[in-house]
Amino acid sequence: MDEYRLNILKKSSAEINRLQLLSVFFDDEIIYKIFLRTQVIHQLFSNNEELEIEKLDLFHLQFTDSIIALLRKIKKSNEKNVALIYDEIDLNEALIDKMAASNDVKSFTTDKQKQALKINQSLRRLYNNLSDLSTDFPFSKNINAFSAKYANDYYFDLTADQLAQLIDFQGKNVYSNAYATIERKLMGRLCKYDFRTEFYLGLKSGELIMEVYKFLDSKTYYLFFPSRNLFLLCDLSVFKDLDTSNTLSERERIVQELEYKNDKLKSNAAVMKTAMSTEVQDLLESSYQKISDI
């Protein structure tokens, strides 16, 4: 076999190898069928020296080169788009790691207990103030630090109307001194249960916040409204439509949303990597029909 013929067959094999790699990358039936048909034509010329070898070169020039060029262009464009998706995934994962590192779920649980203890001690001192007309400051140190730290992440939103309804009271029904106002019935219950209550949930309406506490072993609740140092029995039906089942903090919810988004982005990237438009599919189908007719 002369060198000229060998060079064309060698060049043809290289074209077929490139086409095979692209068929593997795209994993598309029509591309694989084109690859197989091109391989058959190459073999036909390789096994029949009487055929004009230039026609094999012309075949690749007319079909294979243009198909390879098209597929490479699509592959490059897809990979660029996929790279952008993974850039977004990397940014999201960096944010997830940062937020997870500052996760305060455990500290929130611990601080709830500490805050309840502060409230219970403050109410016990308030009772003593009201009983003996003492002027001692009843509230524990840094009693508002808990809400300042956790309100944005863990407190539930209330409407202004709900807030107004919760803090509404009549003067004849409360005890009041220079430091605080407390509902008479609430003070009676606190004495009965020896000031043993626990933090139940936090509420916020704009910049205003409230803390709701629950008597141990009882379905009785009261609220603490720090901006007025107000303590009132609390009817939970006022915010019956409030979904308190989701105990995730705002930070945890954001992390969950980012993780869900990344899962979708990874799925999209896998699809986008080998995506081809309908027009390209039609063009490849047409090319295959022409090659099959040869």
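Our structure is the block above this text.
Residues numbered from 1 in each chain as written. Predicted model: local features only at pLDDT ≥ 70, side-chain atom pairs only at ≥ 80, totals over all residues. Heavy atoms only, no water.

(A) Local environment of the overall build of the chain. On a plain count of helices and strands, the chain comes out with nine helices and seven strands. Its C-alpha radius of gyration of 37 Å places the chain more than 25% over the 19 Å reference for a compact globule of 294 residues. Taken over 294 residues, the chain has a buried fraction of 40%. Across the chain, every contact between residues at least 6 apart in sequence was considered, and the portion connecting residues at least 24 apart equals 70%. Working note: accessible area of the chain is about 17,500 Å², and carbon and sulfur atoms make up 50% of it. Computing the positive centroid from 39 side-chain charges and the negative centroid from 44, the chain places the two 9 Å apart. (Helix = DSSP H or I, 4+ residues; strand = E, 2+ residues; numbered from the N terminus. Rg over C-alpha atoms; globule rule 2.2 N^0.38 Å. Buried < 20%, exposed > 50% of the residue type's maximum accessible area, 1.4 Å probe, protein only. Contact = heavy atoms within 4.5 Å. Areas by Shrake-Rupley, 256 points an atom, 1.4 Å probe, with all protein chains shown as cover. Lys, Arg positive; Asp, Glu negative; His and termini not counted. Charge placed at Lys NZ, Arg CZ, Asp CG, Glu CD.)

(B) Summary view of the sheet that holds strand β2 (residues 174-176). Pairing in this open sheet of seven strands is mixed, and the strands run β1-β4-β5-β6-β7-β3-β2 from one edge to the other. Edge strands, defined here as strands with exactly one partner in the open sheet, are β1 (156-157) and β2. Strand direction decides the pairing type here: strand β4 (residues 197-205) and strand β5 (residues 208-215), joined by eight bridges, are antiparallel. Following the sheet pairing, L201 is matched in β5 by V212. In this fold helix α5 (residues 145-154) packs onto β1, β4 and β5, with an angle of close to 95 degrees to the strand it touches most, β5. Running at roughly 75 degrees to strand β3 (residues 181-183), helix α7 (residues 184-192) makes contact with β2, β3, β4, β5, β6 (221-225) and β7 (230-234) of the sheet. (Pairing = 2+ DSSP bridges. Axes fitted to C-alpha atoms, helices over the stretch in contact; angles between N-to-C directions.)

(C) Seen up close, the packing of aromatic side chains. Inspection of every chain in the model, using the stated rule, returns 22 aromatic pairs. Relative to F224, the ring of F139 has its centre 6.2 Å away and its plane inclined at 25 degrees; by these criteria the two rings are stacked. One end of the pair, F139, is in the loop between α4 (105-132) and α5; the other, F224, is in strand β6, and 85 residues separate them in sequence. Each member of the pair, F139 together with F224, is buried. Taken together, the ring pairs connect F108, F146, Y150, Y154, Y155, Y193, F199, Y213, F215 and Y222 into an aromatic cluster. Looking at K75, its charged tip hangs above the ring of F25, at a distance of 4.8 Å from the centre. (Phe/Tyr/Trp six-rings, centres within 6.5 Å; stacked < 30°, edge-to-face > 60°. Lys NZ or Arg CZ within 6 Å of the ring centre and 35° of its normal.)

(D) Representation of the pattern of salt bridges within the structure. Under the counting rule described, the total for this entry stands at seven salt bridges. Measuring nitrogen to oxygen at the nearest pair gives 3.4 Å for the salt bridge that ties D57 to K11. Remark: K11 occurs in helix α1 (residues 3-26) and D57 occurs in helix α3 (residues 53-101); sequence separation between them is 46 residues. For K75, the salt bridge goes to E79, with nearest N and O atoms at 2.8 Å. (Salt bridge = Lys/Arg side-chain N within 4 Å of Asp/Glu carboxyl O.)

(E) View of the state of the cysteines. In total, this model carries zero disulfides according to the counting rule given. The thiol of C191 is unpaired, and the distance to the nearest cysteine sulfur, on C234, comes to 20 Å. The class of C191 is partly exposed, set by a relative accessible area of 33%. Judged by its relative accessible area of 9%, C234 is buried. (Disulfide = S-S within 2.5 Å.)

(F) Local environment of α7. Every buried residue of α7 is listed here: L186, M187 and L190. One face of α7 carries all of its buried residues, which in axial projection span an arc of 100 degrees. Facing away from the buried side of α7, by more than 90 degrees, are the exposed residues K185 and K192. Positive backbone phi, approximately 55 degrees, marks D194, located one or two places after α7. (Arc of directions from axis to C-beta.)

(G) Region of the structure containing the layout of surface pockets. When its volume is computed, the second largest pocket comes out at roughly 200 Å³. R37, V40, I41, L44, F45, L51, E52, K55, F59, Q62, F63 and I294 together form the lining of the second largest pocket. Counting only elements with at least two residues in the lining of the second largest pocket, the list comes to α2 (29-47) and α3. With five residues, the top contributor of residues to the lining of the second largest pocket is α2. Here the lining of the second largest pocket is composed, by residue class, of eight nonpolar, one polar and three charged. (1 Å grid on protein atoms, 1.4 Å probe; cavity = no way out; pocket = protein on both sides within 12 Å on 5 of 7 lines; lining within 4 Å. Points joined across faces, edges and corners; volume = space filled by probe spheres on them. Nonpolar A, V, L, I, M, F, W, Y, C, P; charged D, E, K, R; others polar.)

(H) Local environment of the side chain of S23. Of note, S23 is situated in helix α1. Exposure remark for S23: the relative accessible area of 6% places this residue in the buried category. Contacts of S23, omitting those with residues within four sequence positions, involve D28, I31 and Y32.

(I) Here's a closer look at the environment of R5. Its place among the elements puts R5 in helix α1. Separated by 282 residues in sequence, R5 and S287 have C-alpha atoms that sit 26 Å apart. Those residues in contact with R5 that lie beyond four places of it in its chain are F45, N48, E49, L51 and I53.

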